[in-house]
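# Observations on the three-dimensional arrangement
Each chain, letter by letter, is given below.
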Amino acid sequence: MKYQLAILGGGPAGYTAAEKASKAGMDVVLFEQNALGGTCLNVGCIPTKTLLYSAKQYYNATHADKYGVKAENVTFDYAKIVQRKQKVVRKLVAGIKQKLNNEHCTVVTGSAAVVSRTDEAVVMTCNGEQYEAENLLICTGSVNFVPPIPGVKDNPAVWDSTDALAATQLPQSMIIVGGGVIGMEFATLYHELGVPVTVIEAMPTILPNLDQEVVSILRDKYTKAGIKILTATKVMSLDGNKVCAETAEGEKLELEAEHVLISVGRRANMAGLEALSDLECNRGIVVDDFMHTNLANVYAAGDVTGKIMLAHVASRQAEVAVGRMLKEMPVQRIAYNAIPSVVYTNPEIASVGITEQEADCEVRKIPMTFSGRFVAENEGETGLVKVLVDKKNQTVLGVHMIGNPCSEFVAAASFAVRMGYTVPEFMQVVFPHPTVSEVLREAVI
Ligand code: NAD
């Protein structure tokens, strides 16, 4: 049988594309070598957030005093926390499987590879069988980047994020190399569960791509709480669980912890694509606005494109790719200027659009304490919401926030940026009271 579409990879890009294409009547085969759901569901977003939720419960219980609640001798069982994480993952993976079943999409479990391609057909192999399809959508995702630092490779003290999520025991102490999103989320997890944490970041700041005023609030809080954060510091080598680092001033440091988590970024996963020798790649597979590669019947979506490595970007890219194959009208594109992002630290950071560092804008900002609900629920916290407005036409161009639960209402800010709302237009939106989301409206007044 010749399929209309073969999808390589069953993460957020792959399963979203499979569902949409099958629903539209295409014959689809999807190959996945591990579990459906990809990195996000199995070893990324979902398991991390589940562990972080348990850590937050424990942290809140041990800090309940400030709300007039006494909780004595609070303990946790890490093995149980990990078991629950597995349960959550299983449930969500089963949900994806069910959805694809309902749409009669053929799912093949196994490691697939492209054998050959012409403009008429792509031939794939998996588990010794051959499959032919008119179109190929590559959704192979990304893999943890292993930096060429002496002593990292084959070192049992070294973990990547997948090892950290799989561990059933907490480390006694942890050094985290890389103060990006993964690094700061794991720093939060371990710190809230009482593990001494040191973060080593090569750049002058942690979370270097985010609004730096917002980041400095997190850094101050974490430093006061006892997380050791070393910025402008490069890891030079590892010897077992000892880390040799050097500051920008040339000072040499020796640090030690039970485990060293390496979180210095991820790279496009090109495995299985070797036969596509003409495929244009840069930091990932090069695609146009419609996720079309330079090959007539080959599309790509998700982390493998090396664009923005976020699950919600992957699924939107997949929708656009399938829309293009179906010649859907009106033609859809991705609004890369309005992609929200969240860092699940405590407090959370959420942002969308341009940063102050990127453009000369009018900045309107207020502390989160302008919201009554925030004050009621965040004793001792201040938070910040910052709205960037175009100086000429008053369009909302970016929003940057720190304070719980800003991840839950950043979508309203994305909507404003996506639709190009001006301040007077945004002011016509009514926010429910009392919610923390009201700060968005307060900030733009
Ligand atoms: P990242 O790019 O966010 O951060 C890596 C950090 O490591 C950077 O700050 C970099 O300066 C630093 N670094 C690089 N080499 C170093 C070295 N030798 N020594 C010290 N520091 C070094 O990458 P990540 O945190 O690994 O995350 C990978 C991807 O997964 C990202 O694209 C991220 O957006 C995504 N992700 C998103 C979420 C979320 O949306 N909440 C959560 C986890 C991961």
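Here's a quick rundown of the structure.

Parameters at a glance
- Residues numbered from 1 in each chain as written.
- Predicted model: local features only at pLDDT ≥ 70, side-chain atom pairs only at ≥ 80, totals over all residues.
- Heavy atoms only, no water.
- Helix = DSSP H or I, 4+ residues; strand = E, 2+ residues; numbered from the N terminus.
- Buried < 20%, exposed > 50% of the residue type's maximum accessible area, 1.4 Å probe, protein only.
- Salt bridge = Lys/Arg side-chain N within 4 Å of Asp/Glu carboxyl O.
- Right-handed = clockwise from strand over helix to strand, strands pointing away.
- Pairing = 2+ DSSP bridges.

### With respect to unusual backbone geometry
- A cis amide bond links Met 329 with the next residue in sequence, Pro 330, at an omega value of -5 degrees.
- Within the fold, Pro 330 resides in the loop between α8 (311-325) and β18 (341-343).
- If you check the backbone angles, Leu 207 has positive phi at about 40 degrees while not being a glycine.
- Along the chain, Leu 207 falls in the loop between β10 (197-200) and α7 (212-225).
- With relative accessibility at 2%, the residue Leu 207 sits in the buried group.
- Its identity as a non-glycine residue notwithstanding, Met 291 has a phi of 65 degrees, on the positive side.
- Owing to a relative accessible area of 0%, Met 291 belongs among the buried residues under this scheme.

### As for the pattern of salt bridges
- A full pass over the atoms with the stated rule returns 18 salt bridges.
- Here Lys 221 ties to Glu 381 by a salt bridge, and the two come within 2.9 Å at their closest N and O atoms. With a gap of 160 residues between them, Lys 221 in helix α7 and Glu 381 in the loop between α9 (372-377) and β21 (384-389) connect regions that are remote in the sequence.
- Judged by relative accessible area, which is 23%, Lys 221 ranks as partly exposed.
- Salt bridges sharing common partners tie together Asp 211, Glu 213, Glu 356, Lys 365 and Lys 386.

### What to know about the pairing of strand β9 (residues 174-177)
- Residue alternation in β9 divides its side chains into two sets, Met 174 and Ile 176 and Ile 175 and Val 177, and both sets are buried.
- Once you follow β9 into helix α6 (residues 181-192) and on to β10, the crossover reads as right-handed.
- Judged from the four bridges that link them, β9 and strand β15 (residues 259-262) form a sheet pairing that is parallel. Looking across to β15, one finds that Ile 175 is bridged to Val 260.

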